[in-house]
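Close look at the chain arrangement
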2 protein chains.
Amino acid sequence: MKASILTVGKEILIGSITNTNSKYISEKLTDMGIDVTRQVSVDDDLDEIVKELEYSTKSSDLIIISGGLGPTNDDITRDAVAKFLDRKIYLDQAEKEKMIDRFTRLGRTMTPNNLKQVMLIEGSEKIENKWGVALGESIEFKGKRIILLPGPPNEMEPMLDYYFANKSFTEENIMVKSIDIIGLGESIIEDRIRKMSFDDDSVSINTFAHGTYTEVKIIGKSTKKDELQFSIEKVIKSLYAEFDTHVYSENNDDVAGEIVRILKNNNLKISFAESITGGMLSSAITDISGASKVMETSLVTYSNDSKNKNLKVSKNTLNDFGAISENTAFEMAKGVKERSSANIGVSTTGEAGPNSSETEVGNVFTCIYFSDDNYYTKHYFFSGDRNKIRRSTVNRVLSQILFVLRKNFKE
Amino acid sequence: MKASILTVGKEILIGSITNTNSKYISEKLTDMGIDVTRQVSVDDDLDEIVKELEYSTKSSDLIIISGGLGPTNDDITRDAVAKFLDRKIYLDQAEKEKMIDRFTRLGRTMTPNNLKQVMLIEGSEKIENKWGVALGESIEFKGKRIILLPGPPNEMEPMLDYYFANKSFTEENIMVKSIDIIGLGESIIEDRIRKMSFDDDSVSINTFAHGTYTEVKIIGKSTKKDELQFSIEKVIKSLYAEFDTHVYSENNDDVAGEIVRILKNNNLKISFAESITGGMLSSAITDISGASKVMETSLVTYSNDSKNKNLKVSKNTLNDFGAISENTAFEMAKGVKERSSANIGVSTTGEAGPNSSETEVGNVFTCIYFSDDNYYTKHYFFSGDRNKIRRSTVNRVLSQILFVLRKNFKE
């Protein structure tokens, strides 16, 4: 089954916003075993929309359109689709009542143009919008299907999920499985997968970089369910063999979320002493709801003086080895653990650039400290600009923390 | 002048990556006064590319294509364009030598498929790639122009900038001006601009949200240069009148960068005591090169105990007013200023959710503290999920710091 995506709106064409809708819809359709063959964006222009429909309905069985369903004069997507299909538009009376209710409740005046948002094309199936006002709809014609959804991602995404929840568009069996890999870059992962060369046409493998981890998604498509199950299991087994301890989840678990979960389950507290990452690690952990149970205090110690005063990194260490060294990373992690009465202290120190100081740009040392007998120091060398080096440090340290926690504690 | 953008690659169609190239190219062309009428993404499929070229060259004068110029068998964009134009492809000998040199220097073996990346279409103008390997090119045909660029954004973006640096594609005069606004949400800004109703066809106004600030971009297009200058100045003047002290720059200056610059110029040091933002503010400042001159120490104090022990927030304050209160924000900011010997202490405390504790989700207090006679507390109420509330807090606090610095110190 082939699909096209059409996103409508001036804000996309002038580059005012990034088109995340196309990505979202594409990933969703791919997971359902549907081939997305084109993504198109055009202005709020009736003729352009009609022309694109004439083109894409020739090769696609499913066309998903988002944007241009709002109340303003610019919003003409529904009119364009009605024109293309040569069908009439009508007002949904039940939705109109709901809208009047809502406006009354909020004490606002409803202007007539708002009614545009609760109109539908004859013969369509309504897709309710619980997250906003403009209705979506699904229209069948000549064995094909056009789906209209509003443009705002916080409405479009749940409406799409809701609509597709119980739909199946293909005779084939579709199976999707993911495994999540930490501690290796996406390009290395991709390269190693390519070298594994599975020659099984029913299965495709794609990687999705999520910052702290890379998702390897296996999508199987076949009329024979049993064979498909077997093929996918074979691929997963090979991936486990290839990536070994780097595989940490099959559920797209967020790495920071996993860290917080394991710490909580084991009644552990963590503290960060950040130099190069300057607060990013603490922020990644506090981004997780429930972080207050596992982190009380963290420090950003940017100067040597601050490392010495706040973390008791000795002046000798700073002088002899430098602030960017394994020794300093060790003393920082130990220092923050002890002053904050945490169970684990984690430190980062390095040179993010753009100018190198005592050491080369990209040079990073980290330490995960439990005790003098149980600690993990790491030396990394990252390339890229300031932002990329800092981000790489955060991603690798979070990976490493999860890796170490899984080794030392129960889940 | 009308333009189309074509991005090529399976990773876009399966939703593995977000298409940032289309946005980047669109914004660039819009700034040059060129109307982008469509953005299209197709697979690495020769027929699809040719068909799109047949379609878009009918209505567009300029077609920019990115992606599919790499060394693998999938990469067939150049072949497709050559086929569409009915022209031959040749190897650029000079670039071949350079490539051999590079491979020799790096001690790597060059495989023949690498040469694909230094081939060009007959009669084209070469666009050098100093950021990667694959060449770009610009081809004129029948008064129209096709530009080919590689897919990786870190190559495509500078190549596009470089190519367009001294080009002009229109008879009209184009003028672009921006003003940057802090402390107001994008939707409020847009709404207020819409109400100002400039009726001048030569000028268009668009807003671009950049997190900490919103850029209002004024693009003027006219054959009459003097009148255009006058029109744009008139718009800018009205915008200044409307947004007053919220206008902070005309140069797309990054807010955190501006803060660091003003602090540095005035020999000031800043420290953060973060609860709800959990390290995000420190991280925004340390993201700026040279931050070590203005920040030595910051703290993430997540628990009440930590606020009391590390920042000397009194137990009475925590008991009587709660951790999420103006009083606690004040004592946190004062505490961190004093313990870190900085000139300015900044604090955040609030409820990010998802569950409300002592106060409602979205409730945030902040304080910028210079002295007991000079401090700024603020109470915000943000909507959205945990992530959005934390991000809004960071954006508004940074805006507020810049606002206060500009009021109290020289630039």
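Residues numbered from 1 in each chain as written. Chains lettered and ligands numbered in written order. Predicted model: local features only at pLDDT ≥ 70, side-chain atom pairs only at ≥ 80, totals over all residues. Heavy atoms only, no water.

- Where an unreviewed UniProt entry is consulted, chain A appears under the name Putative competence-damage inducible protein, with the organism given as Peptoniphilus grossensis.
- UniProt, in its Sequence similarities (unreviewed entry) section for chain A, records the words "Belongs to the CinA family." (UniProt positions renumbered as here; feature names shortened; annotations may be inferred.)

1. Section: the overall build of chain A
- Looking only at helices and strands, chain A features 14 helices and 17 strands.
- Considered along the principal axes of its C-alpha atoms, chain A spans approximately 80 × 60 × 40 Å.
- Here chain A holds 411 residues, and the buried ones make up 55% of them.
- Total accessible area on chain A is roughly 18100 Å²; 45% of this is exposed by carbon and sulfur atoms. (Helix = DSSP H or I, 4+ residues; strand = E, 2+ residues; numbered from the N terminus. Buried < 20%, exposed > 50% of the residue type's maximum accessible area, 1.4 Å probe, protein only. Areas by Shrake-Rupley, 256 points an atom, 1.4 Å probe, with all protein chains shown as cover.)

2. What to know about the UniProt feature "domain: MoaB/Mog" (unreviewed entry) in chain A
- UniProt's feature table lists "domain: MoaB/Mog" (unreviewed entry) at residues 4-171 of chain A, given in the numbering used throughout.
- As a span, residues 4-171 of chain A carries 39% helix and 23% strand, and end to end its C-alpha atoms are 19 Å apart.

3. Overview of the environment of A:Arg386
- Within the secondary structure layout, A:Arg386 lies in helix α14 (residues 386-408).
- Residues A:Arg386 and A:Ile276 lie 110 residues apart in sequence; the distance between their C-alpha atoms is 9.7 Å.
- Engagement of the side chain of A:Arg386 in a polar contact is seen with the backbone oxygen of B:Thr286, the distance being 2.6 Å. (Polar contact = N/O pair within 3.5 Å; in protein donor to acceptor, adjacent residues only side chain to side chain.)

4. Brief notes about helix α3 (residues 46-59) of chain B
Residues and elements named next belong to chain B.
- The terminal C-alpha atoms of α3, which comprises 14 residues, lie 21 Å apart, in line with the 20 Å expected from a rise of 1.5 Å per residue.
- Of the positions making up α3, those classed as buried are Glu-48, Ile-49, Val-50, Glu-52, Leu-53, Tyr-55, Ser-56 and Thr-57.
- In this structure Asp-45 caps α3, since a side-chain oxygen of it lies 3.0 Å from the backbone nitrogen of Asp-47. (Expected span 1.5 Å × (residues − 1).)

5. Section: the relation of the copies chain B and chain A
- Placing chain B over chain A gives an RMSD of 0.2 Å and needs a rotation angle of 180 degrees, together with 0.1 Å of translation along the axis. On the angle and the small slide along the axis, the relation comes out as a two-fold axis.
- Most of the interface of chain B is mirrored in chain A, where 100% of its interface residues are also at the interface. (Least-squares fit on C-alpha atoms with pLDDT ≥ 70 in both. Contact = heavy atoms within 4.5 Å.)

6. As for the interface of chain B and chain A
- In this complex, chain B contributes 60 residues to the contact, which on the side of chain A involves 60 residues.
- Each partner contributes to the roughly 4600 Å² buried at the junction of chain B and chain A, and carbon and sulfur atoms together form 45% of this total.
- By the criterion of area lost to chain A, the three top residues of chain B are B:Ile14, B:Gln39 and B:Tyr302, representing 12% of everything that side buries.
- Linking chain B to chain A there are four salt bridges.
- Across the pair A:Arg390 and B:Asp287 runs a salt bridge whose closest N-O atoms are separated by 3.3 Å.
- Taken together, the connections running from chain B to chain A amount to 43 residue pairs in polar contact (both at pLDDT 80 or more).
- With seven residues, strand β2 (residues 35-42) of chain B is the single largest residue contributor to the side of chain B that touches chain A. (Buried area = accessible area lost by both parts, 1.4 Å probe. Salt bridge = Lys/Arg side-chain N within 4 Å of Asp/Glu carboxyl O.)

7. Focus: the nonpolar core
- One finds A:Ile65, A:Val81, A:Ile146, B:Ile65, B:Val81 and B:Ile146 to be the most contacted residues of the largest nonpolar core, which totals 43 residues.
- Sort the elements by how many residues they give to this core and helix α4 (residues 77-85) of chain A lands first, with five residues. (Core = buried A, V, L, I, M, F, W, Y, C linked by side-chain atoms within 4.5 Å.)

8. Concerning the sheet that holds strand β12 (residues 247-249) of chain B
All names here are of chain B.
- Taken in spatial order, the four strands make up an open sheet running β10-β11-β9-β12, and their pairing is antiparallel. Strands with a single pairing partner mark the edges of an open sheet, and in this sheet they are β10 (203-209) and β12. For this sheet, the mean inter-axis angle between neighbouring strands, taken without regard to orientation, is 35 degrees.
- Pairing analysis gives nine bridges linking strand β9 (residues 173-181) to strand β11 (residues 214-222), with the strands arranged antiparallel. Within the sheet, the bridge partner assigned to Ile-179 lies in β11 and is Val-216.
- Helix-sheet contacts for helix α8 (residues 225-243) involve β9, β10, β11 and β12, and the interaxial angle to β9 is about 10 degrees. (Pairing = 2+ DSSP bridges. Axes fitted to C-alpha atoms, helices over the stretch in contact; angles between N-to-C directions.)

9. With respect to the pairing of strand β10 (residues 203-209) of chain A
Residues and elements named next belong to chain A.
- When β10 meets strand β11 (residues 214-222), the two strands line up antiparallel, connected through seven bridges. Looking at β11, one finds that Asn-206 is bridged to Lys-217.
- Hairpin connection of β10 to β11: four residues between the antiparallel strands, including Gly-211 at a positive phi of 85 degrees.

10. Things to note about the pairing of strand β14 (residues 297-301) of chain B
- Most of β14(B) sits out of view: five of its five residues are buried.
- A two-sided burial pattern is seen for β14(B), the buried positions comprising B:Thr297, B:Leu299 and B:Thr301 on one face and B:Ser298 and B:Val300 on the other.
- Both strand β14 (residues 297-301) of chain A and β14(B) contribute to a ladder of five bridges, which runs antiparallel. Of the residues in β14(B), the one forming a bridge with A:Val300 is B:Ser298.
- Relative to β14(B), strand β13 (residues 270-274) of chain B is paired through two bridges, and the arrangement is parallel. Each bridged residue has a counterpart across the sheet, and for B:Ala273 the counterpart in β14(B) is B:Leu299.

11. Structural notes on the sheet that holds β13(B)
- Ordered in space as β17(A)-β16(A)-β15(A)-β13(A)-β14(A)-β14(B)-β13(B)-β15(B)-β16(B)-β17(B), the 10 strands form an open sheet in which the pairing is mixed. Each edge of the open sheet is held by one strand with a lone partner, namely β17 (374-381) of chain A together with β17 (374-381) of chain B. The mean angle between the axes of side-by-side strands here comes to 10 degrees, regardless of whether they run parallel or antiparallel.
- Packing against the sheet, helix α11 (residues 304-311) of chain B makes contact with β14 of chain A together with β13, β14 and β15 (344-350) of chain B, and its axis sits at approximately 150 degrees to β14(B).

12. Overview of the packing of aromatic side chains
- Inspection of the entire model under this criterion finds 19 aromatic pairs over all chains.
- Geometrically, the ring pair formed by B:Phe370 and B:Phe409 is tilted, given 5.9 Å between the ring centres and 40 degrees between the ring planes. Taken together, the positions of B:Phe370 in strand β16 (residues 363-371) and B:Phe409 in the segment after α14 (386-408) put the pair 39 residues apart, joining distant regions of the chain.
- On the accessibility criterion, B:Phe370 (10% relative accessible area) is buried.
- A residue is classified by how much of its surface remains accessible, and B:Phe409, at 24% relative accessible area, is partly exposed.
- In this structure an aromatic cluster arises from ring pairing among A:Phe330, A:Tyr369 and A:Tyr375. (Phe/Tyr/Trp six-rings, centres within 6.5 Å; stacked < 30°, edge-to-face > 60°.)

13. Here we look at the side chain of A:Lys337
Residues and elements named next belong to chain A.
- Structurally, the position occupied by Lys-337 is in helix α13 (residues 326-339).
- For Lys-337, which is buried and forms no salt bridge, the nearest opposite charge comes from Glu-338, at a distance of 5.6 Å.
- Reaching out from Lys-337, the side chain makes a polar contact with the backbone oxygen of Phe-370 at a distance of 3.3 Å.
- With near-sequence residues (within four places) excluded, Lys-337 lies in contact with Ala-342, Asn-343, Ile-344, Gly-345, Tyr-369 and Phe-370. (Lys, Arg positive; Asp, Glu negative; His and termini not counted.)

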